[in-house]
Amino acid sequence: MKKIASVLFAASLLISVGVHAQIKAVNPAEFHGAVADKKLYKVVYQLNSDDDKVIKATMKNMMNALEDPRLKGKLEAELVVHGGGVAVFKKEGPYEEQLKALQAKGVILAECENTLRERKITKDELFDFISFVPSGNGELIIRQQQGWAMVHP
Amino acid sequence: MKKIASVLFAASLLISVGVHAQIKAVNPAEFHGAVADKKLYKVVYQLNSDDDKVIKATMKNMMNALEDPRLKGKLEAELVVHGGGVAVFKKEGPYEEQLKALQAKGVILAECENTLRERKITKDELFDFISFVPSGNGELIIRQQQGWAMVHP
Amino acid sequence: MKKIASVLFAASLLISVGVHAQIKAVNPAEFHGAVADKKLYKVVYQLNSDDDKVIKATMKNMMNALEDPRLKGKLEAELVVHGGGVAVFKKEGPYEEQLKALQAKGVILAECENTLRERKITKDELFDFISFVPSGNGELIIRQQQGWAMVHP
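From a predicted model like this one, the values you see are computed outputs, not experimental measurements.

> For this particular structure, what's the right way to read the sheet that holds strand S2 (residues 75-81) of chain A?
All names here are of chain A. Here 5 strands make up an open sheet; going across it, the order is S4-S3-S2-S1-S5 and the pairing parallel. For this open sheet the edge positions go to strand S4 (131-133) and strand S5 (149-151), each flanked by a neighbour on one side alone. Taking the axes of each pair of neighbouring strands and ignoring which way they run, one obtains an average angle of 30° across the sheet. Helix H2 (residues 52-67) contacts strand S1 (41-47) and S2 of the sheet and is inclined by roughly 175° relative to S1.

Encoded structure:
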């Protein structure tokens, strides 16, 4: 049954997009994800929200990417924090453990200095194991233009 | 009047950014969008929300891109779903028709297997015409590093 | 004390990720952001929300990137507006000053024509100093495939 469905699917797709030779028809049952054949991958994650759910999801997403069997051991990552996202780096906050788990996997933890000025936050209020960049947005742009992927959960 | 405004605009822009020879001054009345001179375009869309408005907007955005006169017939697309976004693939949900319309245009529909484990969702609960990838975040990263564009509506 | 911490950090990182020779260990105290050694940078910003906070944050983010000491004078930028984001371009709205400040720095201000059709908005309702593109999503894709970075605040 599944095989017939696959054939019918391929046939219908051929009819609908087949006229454009360049669009490959992909059989959903046979697609298991893009193949990671490069030696090294790089990604920058953007966090600009103080919403606890977004903060936790962002860190979990990064960990999932680092643990993806296709990328494990070959993914360089940076977490760029600006705006409300600065909450993740507050000493008084609850995120130290997850941040250190990411850092132990080589993740760069970068806080936007513009945000500190705008919100009158001193570096003393933040964890001492993080890094600072002139602007979070500049960092996101430069990284992408250096060939890094970008994810904003 | 419009012509005078254009000239004034160009002149003022020349004064303000003209010192940096590399930044091109663009006349807004003469700009009608980037030119698509490549034979083939590729894009991955990220959906990680169960908000009905976000889900519908994401699918509509994809359709708009596929129908953009500049890209029509030469855009390969993949919808990567993770986190709360899994709602779009639930059999009991209301999105079958729009998903099939996208698939008929060659769109790959990919669900994150990490999400299924974390949320204890079985593949039986999801449409049988979709694909599965080890992690949605890994997929988003690999695709971008393969040269695909990425949009997160 | 700080020096000892740095050495300990580097050592611990070496143990945890050092087995993967390709992942560089970065000392957080010594990292001050990616280096911008290119002559010209390009970025497209996406705005698809009518939330006043998101609209203002998007424009502020763009300005921060344009003023980042690493990018100042060598960043070409475009603001692509679609969906609810059209609020930023409404003549009756409060955003004229910030838009003109961005435009004075060479920023292209682009509205999605699909959105106008779907929402029955006429060009008369919008500022006369903006540009129009066939679809916002198409624009975001073409720009990225031309090598532009993309930020969606």
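> Please clarify how the side chain of A:Asn137 should be interpreted in this entry.
Within the secondary structure layout, A:Asn137 lies in helix H5 (residues 136-145). There is a polar contact of 3.3 Å between the side chain of A:Asn137 and the side chain of C:Asn61.

> How should the packing of aromatic side chains be read in this particular structure?
The geometry of two aromatic rings is summed up by the distance between their centres and the angle between their planes. Scanning the model with the defined rule gives 3 aromatic pairs over all chains in all. With a centroid separation of 5.0 Å and 20° between ring planes, the pair formed by B:Phe127 and B:Phe129 is classed as stacked. Given a relative accessible area of 5%, B:Phe127 falls into the buried group. Of note, B:Lys123 hangs over the ring of B:Phe132, and the distance from its end group to the ring centre comes to 4.3 Å. The ring of C:Tyr41 carries C:Lys38 above its face, with NZ or CZ at 5.6 Å from the centroid.

Conventions adopted
- Residues numbered from 1 in each chain as written.
- Chains lettered and ligands numbered in written order.
- Predicted model: local features only at pLDDT ≥ 70, side-chain atom pairs only at ≥ 80, totals over all residues.
- Heavy atoms only, no water.
- Pairing = 2+ DSSP bridges.
- Helix = DSSP H or I, 4+ residues; strand = E, 2+ residues; numbered from the N terminus.
- Axes fitted to C-alpha atoms, helices over the stretch in contact; angles between N-to-C directions.
- Contact = heavy atoms within 4.5 Å.
- Polar contact = N/O pair within 3.5 Å; in protein donor to acceptor, adjacent residues only side chain to side chain.
- Phe/Tyr/Trp six-rings, centres within 6.5 Å; stacked < 30°, edge-to-face > 60°.
- Buried < 20%, exposed > 50% of the residue type's maximum accessible area, 1.4 Å probe, protein only.
- Lys NZ or Arg CZ within 6 Å of the ring centre and 35° of its normal.

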